[in-house]
Each structure stands twice: as C-alpha cells, then as structure tokens.
Amino acid sequence: MFDLTREMLSYPFIVRAFVVGTLVALCAALLGVSLVLKRYSMIGDGLSHVGFGTLAVAVALGLAPLSVSVPVVLLAAFLLLRISENSRIKGDAAIALISSSALAVGVVVLAMTVGMNTDVCNYLFGTILAMKKSDVTLSICLAAAVLALFVLFYNKIFAVTFDEGFAKATGTRAGVYKMLIALLTALVIAVGMRIMGAMLISSLVIFPALSAMRVFKSFGRVVVCAAILSVVCFYLGLLASYTYNTPAGASVVLANLAAFLVFSAAGQARRLIA
Amino acid sequence: MAADTKEILRLENLSLRYEAAAGWAVKGVTLTVDEGDFLAVVGENGSGKTSLLKMIAGLTPPTEGRVVFENLRACEVGYLPQQTAVQKDFPATVTEVVMSGLLNRKGFPAFYTKKDRETARAHLERFGAWDLRGESYRTLSGGQQQRVLLARALCASEKLLLLDEPVTGLDPNAAAELYDILADLHTRGMTILMVSHDVDGAVRRASKVLHMDTAPVYYGDAEGYLKRGGFHV
C-alpha cells in the first residue's frame, strides 16, 4: 500500500486532488457533526445543487468557476438556513424545491452551451483532474479558517448544537454561530464539489458524523473520530479509484459507506456486550 | 440576605401575539419577582405559560411590554427548558452538558479552566449526579436528565432559575425528588420561576402563584390560591 501511495502521488494532479480532498474531507466532517445533530443535513444537499447550477452558469459565461459559485453558494446557505428555521413554510420541501430547480438550471445551461457531454458527468460526479494550483491555495486557507474557528468556538458550537434555547437564554448568540457553520459549509462544498461531484459532496458532510455517532457517546470524541474517519475514507477512496480505475468521488462515498457499516456493527456489538 | 426584599425581575404589560392576524398568546402580564420568591406559573395547555417564560428568557421578543431585570444581567439566568427532540439522540456526556452552563460568564475564547471544572463538579455533587459525569446524556433516566440540566442551569446562575415544565415525563418518585431539590434551593435564597401543569405539586412548594389563561387570572401568594381551592375558569 505504501508503494502504491508513492506511485500514485508521483502524479502532480493527484497530489493536488489529494491535498484539496483531504482538507475538504476534514472540514466537512467537523461541520457535519453539528449539521447532522441539528437536523440540517438537507442544507448540505441543497448547497451542492445550487453549487452545480452556478458552476454551469460560470462555464457558460466563461468565468472562473469559484468566483461565481462561492458568493452564490454563500447566499444560498443564508437563505436555506432561514428557510429551515421558519416552520411556517415546510422547510424540507422548500429545500428540495430549490435543489432540483438549481440542478435543472445547471443542466439546461450546460446543454445549451457546451452540449450534453462528459463535462456534465464531471460536474455531477466529480473529477480529480479539475484541481489547479489556485484550488490548492484556496483549500489550505479555507481549512485553516475552519479549523481555527472550530477550535476557538468549540464550546459555543457544542452549546448551540445541544440546546439552542438554553444557549440563547444564557447570552450566547446562537443565530451567529449557526450562520457561521452554514457559511463555512457552503465554502467547503463550493471547493470540494469539483472533486466529489455535486451529487456526492454532501455525503462528506453526513457520513463521518453518522458513523462516529454509532460508536462514541461524547460530543468531543464524535468530532475527533468523524474528522479522522473522513480523512482516512477519502484516502482509501482515492487509492481504490487509482487502483481499479473507478471515479474518485463515488469511490470515496463507497469507502464512507463501508466505514458506516463497520461502525454500525461495532456499535451494535458494544450495546449487546454492555 | 438583606432584610428588605430586593426586586430581581419586573414584567411590564408583557404581551405576545405570534402573528398579527392571530389572537393573543399572552396578554398584559404585569408583575414583579423579588429575590427569594418561588413563583409557580400554572394554567391549562395553551394558556400562554411557556410563551411567557420564553419571553422572560429572551427567546421570544414580546409584541408589547417589556422584561426588566434588576440587579441581574439578562444572561445571568439559569434556564431549564423543555426537552427537545434533538437531545434524545445526542452524543454528549454529562460533563459536557453541565459545563456548557458556564459559557455565559466566559469571554472570548471560551475555554474551560480548572475552576470551571470544580464549579461543575460542585453542582453535580449537590444533586448526587457526580457519578454520572462520564455517562452519555441520552442513556440517563428522565429524572437523572433533569438533575443534570438543573446542574447546568445552576452553573449559569446562582440567582434566578427559570423552569419550563420540569416534572413532565417523570415518574412520581423522580418528580417528588425534583420538587425537594427545588424547595431546598428556595430555602437557600434562590429565586425560582416555574411553569407547570402539575398544579398541586407546584403550588404546594411555591410562595407565589400566577394562574394564566392568556391573561393573568390569579396572581398572589400561594396560601391564598390554595384557600380558594385553585382557580377554574
């Protein structure tokens, strides 16, 4: 496996995908714990679809993909959080509506400009060929920001995730922290989308948190486990993709699925023994 | 404690309407809570008890009127909310939950110190919950969960405690135990404001009673309330 890794990393484009993917996987897992526990998983899904739509528009207009998708996805995060908090409109239905609309816009725009070809497939399911030097720089900055904010505000994030009412009543500005998490998630998704694909990126947010929760019972351990698991699964998925010539994004998701099944079984076994 | 009673909380014509077209959920509540009071807020379901408490806790902005804290910062309240669905499947240890009560007195960055750990320990020991510190919150019994949340509330404030239906879902023994804890806190000078549909249990321990039916129906001392044999509208 060591030799295989060395061989794989002798390709510069794989190195770039490896760096960006690892950092995105790490950040997505950290933010994912809070999103999953707050029942906001759908936001990740909605954001990735909006990201796809804006990516398509950017390509059609000949603009740099991230310069268009980052601001739009940030705006979408703001809106989606508002929608899911407002119980008067059906939050999940509204998000599904926005998701599929953005996806449809993206597909139509792409079909009208570049034609329906493998490009569309790349956007939907990801490609590791897409990463440029600037993406590597951006993802390093992003990961540094997410890590720093997560560590500095860790206790507040726990309080807001566990009991928003109590956090608010005792003077924590819960809305600010929730918005921060949603906006950072939007950035992570915008950066990671092109490797993982618009259809698959939200699994990086959801899977590691769910797997870690099968086994661990403290918030701190769930966070650490999700982060490590996410990075390991990304690496294994990339390795499998290289070895068996399978699509990278889908391979990473399958690695996460395998981890989830293993962790579920371990959690069950632990409960039976205890 | 000073001989003269010190005002701690004042509600001025507090009213709430969730939507402009809807009727009032809470109408015209004016009262003062003094230091050391134990105020029980009772009434039927939908009488505006919890809405009233949420306005006092700062979770719902009032449509009219205002909440004024005296000798107390607004965030210096210990709040014991109704359990939310999220918490039923939440991976968190008792220690993690209780420590989060200390955040209101932390600046930035909010990291816990050794002293914070000792404070949390003292409150857990007080309720005989120190042995549970490593346990997962979601695996505790209802009574244990309430004691943990009470310890968290006390970490947030030693002065004013707001309780929203604290005995709901508890078996009679656990409920009695919780009432004993509250009575004990009250005798030590804690100001308590408790919303409950368990009228008998709540009024017996309280010093003052507010009976809500959107607007206040009865507000006065608990003895007077008991003498009237409750209040039925």
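All residue numbers refer to positions counted from 1 along the written sequence of the respective chain. Whichever chain is written first becomes A and whichever ligand is written first becomes 1, with later ones labelled in order. Reporting of local features is limited, given that this is a predicted model, to residues whose pLDDT is at least 70; pairs of side-chain atoms are given and counted only at 80 or more, and all residues count toward the totals for whole chains, interfaces and linings. Heavy atoms from the whole structure form the basis of all side-chain values; hydrogens and water molecules are not counted.

Is there a simple way to explain the overall build of chain B in this structure?
Summing up its helical and strand segments, chain B has seven helices and nine strands in all. On the principal axes, the C-alpha backbone points of chain B span a range of 50 × 45 × 40 Å. The classification of residues rests on relative accessible area computed with a 1.4 Å probe and restricted to protein chains. Under 20% of the type maximum is buried, over 50% is exposed, and intermediate values are partly exposed. Residues classed as buried in chain B amount to 52% of the 233 residues present. Any pair of residues with heavy atoms lying within 4.5 Å of one another is described as a contacting pair. Across chain B, contacts joining residues at least 24 apart in sequence account for 69% of those joining residues at least 6 apart. The Shrake-Rupley method, run with a 1.4 Å probe sphere, supplies the accessible areas, and residue values consider only the shown protein chains as cover. On chain B, roughly 10,500 Å² of surface is accessible, and the fraction owed to carbon and sulfur atoms is 49%. Charged-residue counts in this description rest on Lys and Arg as positive and Asp and Glu as negative, His and the chain ends being excluded. Where a charge sits is defined by one atom per residue type, namely NZ (Lys), CZ (Arg), CG (Asp) or CD (Glu). Separation of charge centres in chain B, based on 27 positive and 30 negative side chains, amounts to 4 Å. The helix and strand labels rest on DSSP assignments: H or I over at least four residues marks a helix, E over at least two residues marks a strand, and numbering proceeds from the N terminus.

Is there a simple way to explain the overall build of chain A in this structure?
Within chain A, the regular secondary structure consists of 13 helices and zero strands. Ordered by position in the sequence, the α and β elements of chain A form the string α-α-α-α-α-α-α-α-α-α-α-α-α. For chain A, the spread of C-alpha atoms along the principal axes amounts to about 55 × 50 × 30 Å. A total of 274 residues make up chain A; the buried ones form 54% of that total. Within chain A, counting contacts between residues at least 6 apart in sequence, those at least 24 apart form 79% of the total.

Just to check I follow, could you spell out the packing of helix α2 (residues 12-37) of chain A against helix α11 (residues 202-215) of chain A for this structure?
Two quantities define a packed helix pair, namely the angle between the helix axes and the distance between the axes. Residues and elements named next belong to chain A. Where α2 contacts α11, the two axes come as close as 7 Å, and the packing angle between them is 65°. Viewed along their axes, α2 and α11 adopt a mutual orientation that is roughly perpendicular. Helix-helix and strand crossings are classified by hand; for α2 and α11 the assignment is right-handed. On the side of α2, the interface is formed by Val-24, Ala-25, Ala-28, Ala-29, Gly-32, Val-33, Leu-35, Val-36 and Leu-37, while α11 contributes Leu-204, Val-205, Ile-206, Pro-208, Ala-209, Leu-210 and Met-213. Every axis in this analysis is a line fitted to C-alpha atoms, fitted for helices over the stretch in contact. Angles between the N-to-C directions lie between 0 and 180 degrees. Angles below 35 degrees are treated as roughly parallel, those above 145 as roughly antiparallel, those between 65 and 115 as roughly perpendicular, and all remaining angles as oblique. When the near helix sits turned anticlockwise from the far one by under a right angle, the crossing is termed left-handed; a clockwise turn instead gives a right-handed crossing.

Teacher, can you tell me more about the confidence of the model for chain A here?
Reading predicted coordinates in detail is not appropriate for stretches of low pLDDT. Every residue is assigned a pLDDT by the predictor, reflecting its confidence on a scale from 0 to 100. Model confidence for chain A is summarised by a mean pLDDT of 89, while 97% of its residues fall at 70 or above. Element-level mean pLDDT values for chain A span from 76 in helix α6 (residues 118-125) of chain A up to 96 in helix α12 (residues 219-244) of chain A.

How should I be thinking about the packing of aromatic side chains in this particular structure?
Any Phe, Tyr or Trp ring, taking Trp's six-membered ring, that has another such ring centre within 6.5 Å forms a pair; planes under 30 degrees apart are called stacked, those over 60 apart edge-to-face, and the others tilted. Taken as a whole, this structure holds 14 aromatic pairs over all chains when the rule is applied. Centre to centre, the rings of Phe162(A) and Tyr137(B) are 5.3 Å apart; their planes meet at 85°, and the pair counts as edge-to-face. Of this pair, Phe162(A) sits in helix α8 (residues 154-162) while Tyr137(B) sits in the loop between α3 (114-126) and α4 (142-156), placing the two residues on different chains. A single burial state applies to Phe162(A) and to Tyr137(B), both of which are buried. Through a chain of ring-to-ring contacts, the aromatic side chains of Phe150(A), Tyr154(A), Phe158(A), Phe162(A), Phe219(A), Phe90(B) and Tyr137(B) assemble into a single cluster. A ring has a charge above it when a Lys NZ or an Arg CZ is no more than 6 Å from the ring centre and no more than 35 degrees off the ring normal. Lying across the ring of Phe166(A), Arg152(B) places its NZ or CZ 3.7 Å from the centre.

In this structure, what is going on with the domain arrangement of chain B? I would like to understand it.
Size of an interface, as often reported, equals the accessible area lost when the parts are brought together. Residue and element names in this part refer to chain B. Where each domain starts and ends comes from a domain assignment, either automatic or drawn from a database. Here chain B is described as being made up of domain 1 (6-76 + 157-233) and domain 2 (94-156). The gap between the C-alpha centroids of domain 1 and domain 2 is 24 Å. For the domain 1 and domain 2 pair, buried surface summed over both sides reaches about 1,200 Å², with 61% attributable to carbon and sulfur atoms. Defined here as a combined quantity, buried area equals the accessible surface (1.4 Å probe) lost by two parts on assembly, summed across both. If you sort the residues of domain 1 by the area they bury against domain 2, Ser-157, Glu-158 and Ile-181 come out on top, with a joint share of 35%. A carboxyl oxygen of Asp or Glu within 4 Å of a side-chain nitrogen of Lys or Arg is what we treat as a salt bridge. Run the count over domain 1 and domain 2 and you get one salt bridge.

Looking at this structure, how should I read the sheet that holds strand β2 (residues 26-34) of chain B?
Pairing between the strands of a sheet is mediated by backbone hydrogen bonds and can be parallel or antiparallel. Residues and elements named next belong to chain B. Two strands pair under a simple rule: DSSP has to find at least two bridges between them. Within the open sheet, the three strands sit side by side as β2-β1-β4. Their pairing is antiparallel. In this open sheet, the two edge strands, each paired with only one partner strand, are β2 and β4 (64-69). Each adjacent strand pair in this sheet contributes to an overall mean axis angle of 10°, direction not counted. Looking at chain direction, strand β1 (residues 7-16) and β4 are connected through five bridges and run antiparallel.

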